[in-house]
Amino acid sequence: CQSQPGPPSTRTHFLHGPYPATHFGPKACILPNPTSVMHIQDPASQRLTWNKPPVNVLVIRKIRDESLVEPFKELCRFLVEEKQMMVYVERRVVDDTSLSKDEAFGSIRNQLCTFREGYDDISDCIDLIICLGGDGTLLYASSLFQGSVPPVMAFHLGSLGFLTPFKFESYKTEVAKVFEGNAAITLRSRLKVKVVKDMLQRTSLQPYSQEPQQQQQQEVNGLLPHGHMNSEAGRVTLQLQVLNEVVVDRGPSSYLSNVDLYLDGRLITSVQGDGVIVSTPTGSTAYAAAAGASMIHPNVPAIMVTPICPHSLSFRPIVVPAGVELMITLSPDARNTAWVSFDGRKRQEIHHGDCIKITTSCYPVPSICCHDLVYDWFESLAQCLHWNVRKRQNFTWATI
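Residues numbered from 1 in each chain as written. Predicted model: local features only at pLDDT ≥ 70, side-chain atom pairs only at ≥ 80, totals over all residues. Heavy atoms only, no water.

- As recorded by an unreviewed UniProt entry, the protein chain carries the name NAD(+) kinase and is attributed to Myripristis murdjan.
- What UniProt states about the protein chain under its Sequence similarities (unreviewed entry) heading is, verbatim, "Belongs to the NAD kinase family." (UniProt positions renumbered as here; feature names shortened; annotations may be inferred.)

**Regarding helix H5 (residues 135-144)**
The periodicity of an α-helix, 3.6 residues per turn, causes residues three or four positions apart to be oriented the same way.
Step number 1: The buried count for H5 comes to 8 of 10 residues, which makes it a mostly enclosed element.
Step number 2: Of the residues making up H5, those classed as buried are Asp135, Thr137, Leu138, Leu139, Tyr140, Ala141, Ser142 and Leu144. (Buried < 20%, exposed > 50% of the residue type's maximum accessible area, 1.4 Å probe, protein only. Helix = DSSP H or I, 4+ residues; strand = E, 2+ residues; numbered from the N terminus.)

**Focus: the side chain of glutamate 174**
Step number 1: Turning to its location among the elements, glutamate 174 is positioned in helix H6 (residues 171-180).
Step number 2: Notably, glutamate 174 is buried but unbridged: the nearest opposite-charge side chain belongs to lysine 177, and the N-O separation is 4.5 Å. (Lys, Arg positive; Asp, Glu negative; His and termini not counted. Salt bridge = Lys/Arg side-chain N within 4 Å of Asp/Glu carboxyl O.)

**As for the environment of histidine 351**
Step number 1: As for its position among the elements, histidine 351 is in the loop between strand E20 (345-350) and strand E21 (355-360).
Step number 2: Not counting chain neighbours up to four residues away, the residues in contact with histidine 351 comprise Leu330 and Thr337. (Contact = heavy atoms within 4.5 Å.)

**Some thoughts on the packing of aromatic side chains**
Step number 1: Within this structure, the stated rule accounts for 6 aromatic pairs.
Step number 2: Where tryptophan 377 meets phenylalanine 378, the ring centres are 5.1 Å apart and the plane angle is 80 degrees; that geometry is what we call edge-to-face.
Step number 3: Judged by its relative accessible area of 38%, phenylalanine 378 falls in the partly exposed class.
Step number 4: Connected via pairs of aromatic rings, a cluster forms that spans Phe78, Phe155, Phe166, Phe168 and Tyr171.
Step number 5: Arginine 61 extends its terminal NZ or CZ atom over the ring of phenylalanine 72, reaching a point 5.8 Å from the ring centre.
Step number 6: In this structure, arginine 116 is placed above the aromatic ring of tyrosine 119, and the distance from its NZ or CZ to the ring centre is 4.3 Å. (Phe/Tyr/Trp six-rings, centres within 6.5 Å; stacked < 30°, edge-to-face > 60°. Lys NZ or Arg CZ within 6 Å of the ring centre and 35° of its normal.)

**Focus on the environment of serine 284**
Step number 1: Relative to the helices and strands, serine 284 resides in the loop between strand E15 (266-279) and helix H8 (287-290).
Step number 2: With relative accessibility at 0%, the residue serine 284 sits in the buried group.
Step number 3: Residues serine 284 and methionine 295 lie 11 residues apart in sequence; the distance between their C-alpha atoms is 5.1 Å.
Step number 4: Setting aside anything within four residues of it in sequence, one finds serine 284 in contact with Ser279, Ala289, Ser294, Met295, Ile296 and Met304.
Step number 5: Among the polar contacts made by the side chain of serine 284, one reaches the main-chain carbonyl oxygen of proline 281 at a distance of 2.6 Å.
Step number 6: In terms of polar contacts, serine 284 uses its side chain to reach the backbone amide nitrogen of isoleucine 296, at 2.9 Å. (Polar contact = N/O pair within 3.5 Å; in protein donor to acceptor, adjacent residues only side chain to side chain.)

**So, the nonpolar core**
Step number 1: With 34 residues, the main nonpolar core has Val59, Phe72, Leu79, Leu112, Ile130, Phe155 and Ile368 as its most contacted residues.
Step number 2: Mapped onto this core, the elements with two or more residues apiece are strand E5 (56-61), helix H1 (69-82), strand E6 (86-90), helix H2 (91-94), strand E8 (128-133), strand E9 (152-156), H6 and strand E10 (183-188).
Step number 3: The element that contributes the greatest number of residues to this core is H1, accounting for 7 residues.
Step number 4: Excluding residues within four positions of it along the chain, leucine 79 makes contact with Val57, Val59, Gln84, Met85, Val87, Ile130, Val175 and Phe179.
Step number 5: Leu261, Ile303, Leu326 and Ala334 belong to the second largest nonpolar core, which has 28 residues in total. (Core = buried A, V, L, I, M, F, W, Y, C linked by side-chain atoms within 4.5 Å.)

Here it is, written out as structure tokens:
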């Protein structure tokens, strides 16, 4: 499947904004660079279409939730009997006692294709993913596909459901529409993350040419002396695609974490506090929002950096361009190690000399919209996070 321009709509402007002018005044302009020219399709016009009819559907169900057993069986029966689809599910889902004891579901159960996470690679045979549960099911679906991700259709059957716009009551109609194609999609960017061991090879910093007093004043003003990292050193021990966020924290230690943050190889700042969150726009409504960050629409190309309880009150969350590479290491004078997790999984310890490299992945998660990518997002803000919900004031007209 692929994203294709949809039929003409009433929208009269480009959702990413106009392409900026490259001439400034009568004589100045941007230096032409043919290799940097990009053509960005209007996100509002991105529609799902199928090169070939979909055949293989992956159904992901929230585990240990008995309320989802019946919806799961209904959906599988519909896909197998009415739509003649090959349905893939996890082995542990099929082995659930509530399914194995249901004789009426036995014929469907025997036709399901099973897999085990970490053992079976299904990335090249799935045409569509259907999630039943909360936001965690979408995060789990993302983790199964470390390359290209099939379209994801998520039904709200969990506790929050910010990323699950569809209601299960009308699942037959909604699934049939998706099979027909021409559904609106949101391309949710992911982070490509590498954990590199024994990489720390910082070059010695050259002193400023100014007097010590001037140098100290520049450091106070935030003009840090920039070192750089040797990105070729070390060995990659883990590489992941992350949908929400990478969290670096102090772990079980009672000391503040102390890590250095680099942007494209140059030292930006040191983070002292409980930790730091590097998130996608999709992740901006998760842990980052609780830590005080702004909420960003998933179609905005950006990476968010949010400190967790920073020691400096002036350290505010920042947004950087999606194309930069961030690098996090322990500061040389850090008193303890740090810990890192990826979408809440694969938590591990980071020592001196280790490095975490983060940039935007070229493999987004194509999330199918219930209505459109703008309406769905604001609907989720209102319904799930109660954004700007308050009791209205009672106005009374004063008499003169």
